[in-house]
Amino acid sequence: MKILHKNKYCFLSILLALMFLDYSGYGYYMFYLPFIYLLVHKGYKLIDKTFCVLFMWGMLYALSVFIFSDGFGYVTTFIFFINFPFIYLLGKFLVRRSDDVSLINLLYIMALSMSAVAIVSVIKDVLENGFLVIGMGRNIPLIGIDNEEGFISATLITTKLLFLLSFLGFIFIPLGRKNKERYRKICSFLSVYCAVRVQSRTCIVAILILMLMSLIFNFKGMSIKKIRLLLISLIFLIGIVSYIYTTYGDLLIVFDRFETDEVETGGGRIDRLMIVGSKLLDYPLGGMNMNNKIGHAHNLWLDCGRVAGIIPLLLLFYLTCQYLYSFVRVYKLKSVNPILRLAFTFLSFIMLVGFVSEPILEGIPMFFAFFCLLFGILNEYSKGTFVKSYI
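On a predicted model such as this, the values are computed, not experimentally measured, just so you know. (Residues numbered from 1 in each chain as written. Predicted model: local features only at pLDDT ≥ 70, side-chain atom pairs only at ≥ 80, totals over all residues. Heavy atoms only, no water.)

Asks: How should the overall build of the protein be read in this particular structure?
Replies: Per the secondary structure count, the protein includes 16 helices and two strands. The proportion of buried residues among the 391 residues of the protein is 52%. In the protein, of all internal contacts separated by at least 6 residues, the share reaching a separation of at least 24 is 76%. About 19,000 Å² of surface is accessible on the protein, with carbon and sulfur atoms providing 67% of the total. (Helix = DSSP H or I, 4+ residues; strand = E, 2+ residues; numbered from the N terminus. Buried < 20%, exposed > 50% of the residue type's maximum accessible area, 1.4 Å probe, protein only. Contact = heavy atoms within 4.5 Å. Areas by Shrake-Rupley, 256 points an atom, 1.4 Å probe, with all protein chains shown as cover.)

What follows is the structure, encoded as structure tokens:
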């Protein structure tokens, strides 16, 4: 096995960055590139049972969209769902050709690229309108698009930010060189800033859990001095937040979203889950009316069943269980770099948060593409096929 050559590493970085950037929906054109890249490098030799199941699922889902037409473009849908298995293969290919340092850098590049458009759009809007915008919707004008439809919804921004937010898990854990670590933290805090600006309850809860996870994983390695400093910082932070809430709480709409009745029902998601779940058997082949009052179930598996039916739903559930099985196996392998193991943990946590709270397949298929790539990486690591290195 050879460590990924510098030129090939740069090419793959650019390929993945352009694909996950997905500016104004054009990222799906880049989905052809993994297929071509794997074909040139004989990646078809890595085909396994999971690839076949993923390919079958993608075919069935795409066919359902063709038949019932829920608004997805035919070409777009076909590109997305037929190429997901090849992105899975690309994940396996990366493990065989790259070391831990290259791999974690590529994962970060993809997460940063996916959130770049959302971050720049939010910052531009804040500079033009201010952070505390009263009476306006949570949707943000998309940078570079001047027409009336050039807005990026708060739901889409939330989903785009999630994978970058996962690197907040390293806030109390050293990750690589100090200069690179500084840039990573700056980008992660920018994502936090944007999440607060669009009043995303999903992101804010995920941020708190990630910071708690980071603290737990790093607690044994912390000195008494660092623990004291951390406790003082937390007390100071809680005091600042409390002061802002009591003094300017009427201006911060984000707090209002936590005080509404929708919090108890997950923003109406629980009601949608119950309704969609109860109707699945009435639509065993999919095609549940997309234009009714229910809309998206905001759940990966139920939305899949709603569009494509019971069989694709079961295949997707099998793939999810297979992913979790591979993750557990990798987490237990002592030969895997501890930092990379934590990266897999934080990314998997964020991935599940997105799956249970957002309309992934119809809203942002790039999120599912990230899952497929990570799935391939974990499957290959679970077999012990990787290049060892130290971060």
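Asks: I'm lost on the packing of aromatic side chains in this one. Help?
Replies: Remark: the centre distance and the inter-plane angle together describe each pair of aromatic rings, the angle taken between the planes. Evaluation of the coordinates by the stated rule reveals 23 aromatic pairs. Ring geometry for Tyr-108 against Phe-167: centres 4.8 Å apart, planes inclined by 90°, an arrangement best described as edge-to-face. With Tyr-108 in helix H5 (residues 100-129) and Phe-167 in the loop between helix H6 (154-165) and helix H7 (178-197), this pair connects stretches of sequence that are 59 residues apart. Overall, the relative accessible area of 7% leaves Phe-167 in the buried class. Sitting over the face of the ring of Tyr-331, Arg-341 holds its NZ or CZ atom 5.8 Å from the ring centroid. (Phe/Tyr/Trp six-rings, centres within 6.5 Å; stacked < 30°, edge-to-face > 60°. Lys NZ or Arg CZ within 6 Å of the ring centre and 35° of its normal.)

Asks: How do you make sense of the environment of Pro-365 when you look at a structure like this?
Replies: Relative to the helices and strands, Pro-365 resides in helix H16 (residues 365-382). On the accessibility criterion, Pro-365 (6% relative accessible area) is buried.

Asks: Got a minute to help me understand the environment of Tyr-331 in this structure?
Replies: On the secondary structure map, Tyr-331 appears in helix H13 (residues 310-332). Of the residues examined, Tyr-331 reaches a relative accessible area of 36% and is grouped as partly exposed. Contacts of Tyr-331, omitting those with residues within four sequence positions, involve Phe-217, Arg-341 and Thr-345.

Asks: Would you mind showing me how to read the packing of helix H12 (residues 300-308) against H13 here?
Replies: For any two helices packed against each other, the geometry comes down to the angle between their axes and how far apart the axes lie. One way to put it is that H12 packs onto H13 with a least axis distance of 7 Å and a crossing angle of 155°. On the basis of their axis angle, the class for H12 and H13 is roughly antiparallel. The two elements H12 and H13 meet at a crossing, and its hand is right-handed. For the pair H12 and H13, contact is made by Leu-300, Trp-301, Leu-302, Cys-304, Gly-305 and Ala-308 and by Ile-310, Pro-312, Leu-313, Leu-316, Phe-317 and Thr-320, respectively. Here the residues of the contact of H12 with H13 are counted per class, giving 10 nonpolar, two polar and no charged. (Axes fitted to C-alpha atoms, helices over the stretch in contact; angles between N-to-C directions. Parallel < 35°, antiparallel > 145°, perpendicular 65-115°, else oblique. Left-handed = near helix turned anticlockwise from the far one by under 90°. Nonpolar A, V, L, I, M, F, W, Y, C, P; charged D, E, K, R; others polar.)

Asks: What's the story with helix H2 (residues 32-40) in this structure? I'm lost.
Replies: Think of an α-helix as turning once every 3.6 residues; residues three or four places apart then point the same way. For H2, the set of buried residues is Pro-34, Tyr-37 and Leu-38. Taken down its axis, H2 places every buried residue within 95° of arc, on the same side. Exposed residues on H2 whose side chains face more than 90 degrees from its buried face are Leu-39 and Val-40. Phi for Lys-42, located one or two positions after H2, is positive at around 60°. (Arc of directions from axis to C-beta.)

Asks: I would appreciate a short explanation of the nonpolar core in the present structure.
Replies: General note: in soluble globular proteins, nonpolar side chains tend to be found buried as a group. Judged by nonpolar contacts, the single largest core of 107 residues is most densely connected at Trp-57, Phe-344 and Phe-368. Those residues in contact with Phe-344 that lie beyond four places of it in its chain are Leu-107, Phe-327, Val-330, Leu-374, Ile-377, Leu-378 and Tyr-381. (Core = buried A, V, L, I, M, F, W, Y, C linked by side-chain atoms within 4.5 Å.)

Asks: Teacher, can you tell me more about a nonpolar patch on the surface here?
Replies: Taken together, the side chains of Tyr-32, Phe-35, Ile-36, Leu-39, Val-40, Tyr-44 and Ile-47 make up a nonpolar region of the molecular surface, amounting to roughly 680 Å² of accessible area. Looking at where Leu-39 falls in the secondary structure, it is placed in helix H2. The exposed category is assigned to Leu-39, whose relative accessible area is 52%. (Patch = residues over 30% accessible without salt bridge, like charges linked within 9 Å, V, L, I, M, F, W, Y side chains within 5 Å. Salt bridge = Lys/Arg side-chain N within 4 Å of Asp/Glu carboxyl O.)

Asks: What is the right way to look at the side chain of Arg-197 in this model?
Replies: Take Arg-197: it is sitting in helix H7. A relative accessible area of 5% places Arg-197 in the buried class.

Asks: Teacher, can you tell me more about empty space enclosed by the protein here?
Replies: Here the idea is plain: a probe the size of a water molecule rolls over the atoms and shows the empty space left. Evaluated as defined, the whole model comprises three cavities of 30 Å³ or more. Considered as a void within the structure, the second largest cavity measures approximately 80 Å³ in volume. Taken together, 10 residues make up the lining of the second largest cavity; nearest its centre are Phe-167, Phe-170, Glu-181, Arg-184 and Lys-185. Its residues assigned to classes, the lining of the second largest cavity comprises six nonpolar, one polar and three charged. (1 Å grid on protein atoms, 1.4 Å probe; cavity = no way out; pocket = protein on both sides within 12 Å on 5 of 7 lines; lining within 4 Å. Points joined across faces, edges and corners; volume = space filled by probe spheres on them.)

Asks: Where do I start with the packing of H13 against helix H14 (residues 338-357) in this structure?
Replies: H14 packs onto H13 with a crossing angle of 155° between their chain directions and a minimal axis gap of 10 Å. By the angle between their directions, the pair H13 and H14 is classed as roughly antiparallel. As for the relative orientation of H13 and H14, their crossing is left-handed in sense. On H14, the residues touching Tyr-323, Leu-324, Phe-327, Val-330 and Tyr-331 of H13 are Arg-341, Phe-344, Thr-345, Ser-348, Met-351 and Leu-352.

Asks: Quick question: what am I supposed to make of the environment of Glu-358 here?
Replies: Here Glu-358 shows up in the loop between H14 and helix H15 (360-363). Along the sequence, Glu-358 and Thr-202 sit 156 residues apart, while their C-alpha atoms lie 9.2 Å from each other.

Asks: Can you help me understand the pattern of salt bridges in this one?
Replies: A side chain with one charge can pair with a side chain of the opposite charge if their charged atoms come near. Tallying each qualifying case throughout the model produces six salt bridges. Lys-92 is the salt-bridge partner of Glu-380, the closest N and O atoms lying 3.7 Å from each other. Linking Glu-380 in helix H16 with Lys-92 in helix H4 (residues 74-97), this pair joins segments that are 288 residues apart in sequence. Just as Glu-380 is buried, Lys-92 falls in that class too.

Asks: What is the right way to read the side chain of Ser-113 from this model?
Replies: For Ser-113, the position within the fold is in helix H5. Polar contacts involving the side chain of Ser-113 include one to the main-chain carbonyl oxygen of Ala-17, which spans 2.4 Å. Residues contacting Ser-113, with those up to four places away along its chain left out, are Ala-17, Leu-18, Phe-20 and Leu-21. (Polar contact = N/O pair within 3.5 Å; in protein donor to acceptor, adjacent residues only side chain to side chain.)

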